[in-house]
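What the coordinates show
Listed here are the chains, written in short residue letters.
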Protein chains: 2
Amino acid sequence: MTRPTRPLDAVLSALSPTFGDRLSTAQALRDQHVAAESWLPPAPPDAVVMARSTDEVAQVLRLCHAHGVPVVPFGAGSSIEGQVNAPQGGISLDLSGMDRVLAVHPEDMDCTVQCGVTRQRLNEDLRASGLFFPVDLGAHASLGGMASTRASGTTTVRYGSMRELVLGLTVVLPDGRIVRTGGRARKSAAGYDLTHLFVGAEGTLGVITELTLRLAGIPEAASTLMCSFDDIGAATAAVVTALQFGLCLNRIELADAVQMAAINAYGGSTLPEAPTLWIELAGSAATVAHDGATLHGLLEGAGAARIERAKDAGAAAALWRIRHSALYAARALRPGIKGMSTDVCVPISALPACIEGIRAVVERTAIKAPLIGHVGDGNFHMVLLFDAEDPAETAEASRINAALIELALSLGGTSTGEHGVGLGKKAYMAAEHGPALDLMRDLKRCIDPANIMNPGKIFDL
Amino acid sequence: MTRPTRPLDAVLSALSPTFGDRLSTAQALRDQHVAAESWLPPAPPDAVVMARSTDEVAQVLRLCHAHGVPVVPFGAGSSIEGQVNAPQGGISLDLSGMDRVLAVHPEDMDCTVQCGVTRQRLNEDLRASGLFFPVDLGAHASLGGMASTRASGTTTVRYGSMRELVLGLTVVLPDGRIVRTGGRARKSAAGYDLTHLFVGAEGTLGVITELTLRLAGIPEAASTLMCSFDDIGAATAAVVTALQFGLCLNRIELADAVQMAAINAYGGSTLPEAPTLWIELAGSAATVAHDGATLHGLLEGAGAARIERAKDAGAAAALWRIRHSALYAARALRPGIKGMSTDVCVPISALPACIEGIRAVVERTAIKAPLIGHVGDGNFHMVLLFDAEDPAETAEASRINAALIELALSLGGTSTGEHGVGLGKKAYMAAEHGPALDLMRDLKRCIDPANIMNPGKIFDL
C-alpha cells in the first residue's frame, strides 16, 4: 500500500513536465515569495511556480482547482498588507516573467501589456510616443499587481487610479477558464462590468494575466510650488478652492508638522515645521502660467506662508526630492523600525477633522507618526513607528490604526485608499461594508467555490 | 376547494395595504410602463407599483422573490433597447417618485440622490453651487436608469460616463437585502468593486435606489466651432491630435454627409454636405483662448474647410442647435418613421474604417441612415429609417445593424457605447464577450437565483 499523495505533490508532479526548473520548492526561493514590504510577518508558500503565458496560468489553476491547492499570485512582491503571503501554504504563482508590452496604440492612447510589466518599464517603452501611464505609486510594482490592489499615486487627482485607467483584462478564472473583459473602446454599455470585478479583488477571484490600459499625453509644461500653513484646515480649504476652480492640478501632496520636523532632522534643512503642500500644475505652457498665477493668489488668500515656486525643472525636482524623502525621514526617526503605514481616505472636507482627530489619539501614546497625504484625493498615510518585536508597542500601533479607521468610516471614508486589504485590514471590512460584505462573500463562493485563489485575503469565508 | 392563487395575485394582495392606489393593474397605466422610445414592440407589465423609499422597494422584492414574480425597474422610461419592457409580465416598479436630492457637498464636489431624480432636475438644484453633473445625454432620463444602462453623453470625452461618475450606490438585492456600495471617498481599495457590478446591469441584479455622484465645477469660459472635412478620416485624425495635445476639449461631435444633407433639408440651410465636426472647448478664459488658437491651426493643418468659430454664447448656441436638430432632421427624411439607432463604439483610430465600411453596406440597400457621433469616444449612431410594419425593411435594418456590430467587434469595439443591451442587443453578446458571457450568467444566478430581476434582459439564462 502506497501512502496517499498530498494534493500539493500531485499538482507539482503534474506541472513538472511543463515548468521544469521554473517550479521549485527550494526554501530560499520560497522565502523570497513573501510580503517583504509589509509590517505583517512573512508567510512563505510551499512552492513557487513561474508562469510565462496565460495558458500556463490556466494549467496551474485547473490543477490547483481540482486538488484544492491554494494559489497566491505574485507580481513584484511590493504589496504592503500581506497580499502575497501564503498563510495557508500552496503555490506562489510568480508572474514577473510575463513582462511583454504586447501593443501600444498611440492614436487611441491605449496599450496592452502582460501582467508582470512594471509601470517604470512601461513608461520607458512609451518614451518615444509622447505618452505615459499615469499611476505613479512609490513602489516598483507590476501592473497586474497594481490592478489587483486598485492602486493609485500622486497624479490620481488628475488621471484617476487603476479603477479609471484599466480598460480591459485577460483573466484566468479559478477553474482555469480564460475570459476577456472590457476592451479597447473608450466606453461600453454591453453587459456586466467584469473588468471592475477583478480590479481590486487582490487575486481572490482569478489571475489577471493581461491588461489594456489608458495612456495620457505627456503635458507640455509643468510648474511646482511648495508652501506652508498654520493649520491643516487652511491647507485643505485652499486645495478645495483650487479643485473647484478646475485648475490644471497634477499633484497635491501634504505633509504635517511632525513629518516636516522629521524631514528637517533627516536632511539638515530648516523648513517650517508646519503643514506643508507641494502642488504641481501641468498642461500647455500658457495654461500652466495662467493657472499658476491664479493658484498663487488663491494660496496667499488662504494664508499660505513661504510660497516657493520652482523657477525651472531642476528647482522643481529639488522640491519633489524633499517630498520623496518623507518615508526615509520618517523611518530615520527610529532607525531599524519599518513601521506600519495607515491608508484611510475621506471626503476632502473631512480631512482636517480626520487628521486632527487621529493626531490627538497619537499624542496620548509614545508612538511617533509622521503624516503624508495625497490631499487632492482625501487620502493620507501615517507611518506608525513601533517595534514589531514589542507586544505592547504592537498593540498600541494597532489601536491607533483601528481608531483611525473608525474615525475615517464615521466621516464617510474608507479604511484603505490605495494599499488594499490583504491580511492587514480584514478585521475592518464588516464595519466598512455592512451587509455588502456578505455579497462579496457570495461572489467569491460563486467564482471560486474551492477557495483556492489567495484564500484568507480581504475576508474569511 | 378554492382555486390556487396566482403568484402575482399573492404579491399584489400582500402589497396592497402598503401601496394603496400606488399599486395598479389598470390597462392605461400598464401601457405607459413600456419602452416607448424603443424600436422594439412595447410589452406592458401585469401591474405597476410606485415605490417611495428603499424600504418599499425591499418589500416588493422580498415578496416577488418568494413568489417568483418578475420585477422590471422603471425610471423615466427613456431607454431605447427595450430595457423597461416586461416580456415575461410581472411588476413594473416605478421609481419616479423617489425624486429627492438627499445631500449636496460642494466642498467635496459630490451629491447623493434618490434614483428617480432626473439629470435636468439635479442640475437645476445645483445651479447656485457653481457645480453640475456632467452626463448630458439627450433623453429626459432618471439618474438610476442612467447608472443602470451605464449612460454617457456629449461631454463624456472630458468627464467620463456614469461608469466614472458614480461613487457609491444603495441597492436592493433580489431577495430584499439592502446593501450600500462604495462611498464618498474619491478612491478606495477596500474589497470588491460592487458599485461597478450594478452600474450597467440594467436592473438584472437588483434595484439601485440611491446614488452618490461626482460633480464638476462649471467652467469659467467655453468656445464652440464647427467645421467640415473632405472625408471622415481627416476629421478623425484632427480629433486624435487634439486629444493627444491635451486641449481642454469638452465636446467633439461628428455628423456625416448624409446627416448634413438631412439637416439642410430640414432647416433650409446650405451647410457643406460633408463630414462635419462641432468642437467645444471649456475651462478658464485664458486656457480656452490659448487652446482655441492651437485647435484652429491644427484643424487647418488637417484640411478643415469653413471653420466657423462662434463669437459669443448666442452664436455657440446656434451652432449647437444645428447639432441638436440632427435626430429630428434624420426622422424628417421619412416622416412617421421612428427608426432604429445603432450604437457601436470603437477605438478612435478605427472610426474611419468602421464608418466607411458600414456606409458601403447601407448604400447597397434602400435604407436611409444619417450618422451622428461622439467622435472623441469613438461612439456613433446611425438612425436606420425603416418601416417596422414592413417585414422586409425590418429584416434589412436588422442585417445592417448586425453587419455594423460584427465590423465594430472586429475592430476592437463594442456593440453598444451607451444605450445598453436590453432586449435589442442580446443576440450579439456571445460574439462580443465569448466565455465572459458565461461568467455574467454565473453572477446573475448567484445574485438572483429566482431570476426575478428584469428577466430576459442582456442575456437569457
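Residues numbered from 1 in each chain as written. Chains lettered and ligands numbered in written order. Predicted model: local features only at pLDDT ≥ 70, side-chain atom pairs only at ≥ 80, totals over all residues.

1. Section: the sheet that holds strand 13 (residues 249-255) of chain A
All names here are of chain A.
- Spatial strand order, 15-12-14-13-17-18-16: 7 strands in an open sheet with antiparallel pairing. Unpaired on one side and paired on the other, strand 15 (305-309) and strand 16 (340-341) mark the two borders of the sheet.
- Relative to strand 17 (residues 371-374), strand 13 is paired through 3 bridges, and the arrangement is antiparallel. Pairing of glutamate 253 across the sheet is with histidine 374, part of strand 17. (Pairing = 2+ DSSP bridges. Helix = DSSP H or I, 4+ residues; strand = E, 2+ residues; numbered from the N terminus.)

2. So, the domain arrangement of chain A
Residues and elements named next belong to chain A.
- The domain architecture assigned to chain A consists of domain 1 (7-94), domain 2 (101-217) and domain 3 (220-417).
- Look at where the C-alpha atoms of domain 2 and domain 3 centre, and you get two points 27 Å apart.
- Facing 6 residues of domain 2, the contacting portion of domain 3 comprises 9 residues.
- Tallied by class, residues from the side of domain 2 that touches domain 3 come to 1 nonpolar, 4 polar and 1 charged. (Domains from an automatic or database assignment. Contact = placed C-beta atoms within 7 Å. Nonpolar A, V, L, I, M, F, W, Y, C, P; charged D, E, K, R; others polar.)

3. Here's the deal with the interface of chain B and chain A
- Taken together, the contacts link 78 residues of chain B with 79 residues of chain A.
- Sorting the residues of the side of chain B that touches chain A by element identifies helix 7 (162-165), strand 9 (178-182), helix 8 (194-198), helix 9 (232-244), helix 11 (285-301), helix 16 (429-433) and helix 17 (436-447) of chain B as the ones contributing at least two each.
- Among the elements that make up the side of chain B that touches chain A, the one with the highest residue count is helix 17 of chain B (6 residues).
- For the side of chain B that touches chain A, the per-class residue count stands at 30 nonpolar, 32 polar and 16 charged.

4. Remarks on unusual backbone geometry
- Backbone geometry places A:Glu202, a non-glycine residue, at a positive phi of 55°.
- Structurally, the position occupied by A:Glu202 is in the loop between helix 8 (194-198) and strand 10 (207-214).
- One non-glycine residue, B:Arg306, adopts positive backbone phi at about 50°.
- With respect to the secondary-structure elements, B:Arg306 resides in strand 15 (residues 305-309).

5. Comments concerning helix 17 (residues 436-447) of chain A
- In this model helix 17 of chain A runs 17 Å from its N-terminal to its C-terminal C-alpha over 12 residues, within 8% of the 16 Å that 1.5 Å per residue would give.
- Every buried residue of helix 17 of chain A is accounted for by A:Ala436, A:Leu439, A:Met440, A:Leu443, A:Lys444 and A:Ile447. All buried residues of helix 17 of chain A fall inside an arc of 145° around its axis, so they share one side.
- Of the surrounding secondary structure, the elements contacted by the buried residues of helix 17 of chain A are helix 16 (429-433) of chain A together with strand 9, helix 8 and helix 17 of chain B. (Expected span 1.5 Å × (residues − 1). Buried ≥ 20, exposed ≤ 12 C-beta atoms within 10 Å, placed from the backbone. Arc of directions from axis to C-beta.)

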